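Below are the chains, spelled out letter by letter.
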Amino acid sequence: QVQLVESGGGLVQAGGSLRLSCAASGRTFSTYVMGWFRQAPGKMRDFVAAIDWNTGTTYYADSVKGRFTISRDNAKKTMALQMNSLTPEDTAVYYCAAGGGPPASWPRISTYDYWGQGTQVTVSS
């Protein structure tokens, strides 16, 4: 089993920044891709970004490209999502996820076996 715990959510004004963190523990060697998803009220859970745990290769949704940066610290078993130039449309619960699969599969929910509990991000206009 892999346990994931997110932190860093909160309330920010439009144009501001937030940094989310995800701490992984347990059998982390069984997973090699980690990702961030988000879910706004009444909407489906959407892919945000993913990173290969070993190579550092990243992949972003078009909606966040150029504004969000995903990173990982292998030694600390943590992953981060730096979010800049936030807009009200970024308001959602953000989930950390871990799993495995080829890069083409990273945007799919089914690629991920483990999920965190989520952290709320609210961007005010």
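Remember, predicted model here, so these are calculated numbers, not experimental data. (Residues numbered from 1 in each chain as written. Predicted model: local features only at pLDDT ≥ 70, side-chain atom pairs only at ≥ 80, totals over all residues. Heavy atoms only, no water.)

**Description of the side chain of Glu6**
Relative to the assigned elements, Glu6 resides in strand 1 (residues 2-7). Buried and unpaired, Glu6 has no salt bridge, with Arg45 as the nearest side chain of opposite charge at 7.5 Å. Among the polar contacts made by the side chain of Glu6, one reaches the main-chain amide nitrogen of Cys96 at a distance of 2.8 Å. With near-sequence residues (within four places) excluded, Glu6 lies in contact with Ser21, Cys22, Trp36, Tyr94, Tyr95, Cys96, Gly116, Gln117, Gly118 and Thr119. (Helix = DSSP H or I, 4+ residues; strand = E, 2+ residues; numbered from the N terminus. Buried < 20%, exposed > 50% of the residue type's maximum accessible area, 1.4 Å probe, protein only. Lys, Arg positive; Asp, Glu negative; His and termini not counted. Salt bridge = Lys/Arg side-chain N within 4 Å of Asp/Glu carboxyl O. Polar contact = N/O pair within 3.5 Å; in protein donor to acceptor, adjacent residues only side chain to side chain. Contact = heavy atoms within 4.5 Å.)

**Regarding the pairing of strand 1**
Every second residue of strand 1 is oriented toward a common face, the buried set being Val2, Leu4 and Glu6 and the non-buried set Gln3, Val5 and Ser7. Judged from the six bridges that link them, strand 1 and strand 3 (residues 18-26) form a sheet pairing that is antiparallel. Along strand 3, the bridge assignment pairs Val2 with Gly26. (Pairing = 2+ DSSP bridges.)

**Structural notes on the sheet that holds strand 3**
What the four strands build is an open sheet, ordered 1-3-8-7; its pairing is antiparallel. Edge strands, defined here as strands with exactly one partner in the open sheet, are strand 1 and strand 7 (68-73). The mean angle between the axes of side-by-side strands here comes to 15 degrees, regardless of whether they run parallel or antiparallel. Bridge count between strand 7 and strand 8 (residues 78-83): six bridges; the pairing is antiparallel. Note that in strand 8 the partner of Thr69 across the bridge is Gln82. (Axes fitted to C-alpha atoms, helices over the stretch in contact; angles between N-to-C directions.)

**Topic: the pattern of salt bridges**
Pairing between side chains of opposite charge can happen when the charged atoms of each approach one another. All chains considered together, the criterion is met by three salt bridges. A salt bridge links Arg38 to Asp90; the shortest N-O distance between them is 2.8 Å. With a gap of 52 residues between them, Arg38 in strand 4 (residues 33-39) and Asp90 in the loop between strand 8 and strand 9 (92-99) connect regions that are remote in the sequence. Just as Arg38 is buried, Asp90 falls in that class too. The partner of Lys65 in a salt bridge is Asp62, with the nearest N and O atoms 3.1 Å apart. The class for Lys65 is partly exposed, based on a relative accessible area of 49%. Among the charged side chains, a network of salt bridges with common partners joins Arg38, Arg67 and Asp90.

Shape descriptors only; they carry no functional weight alone.
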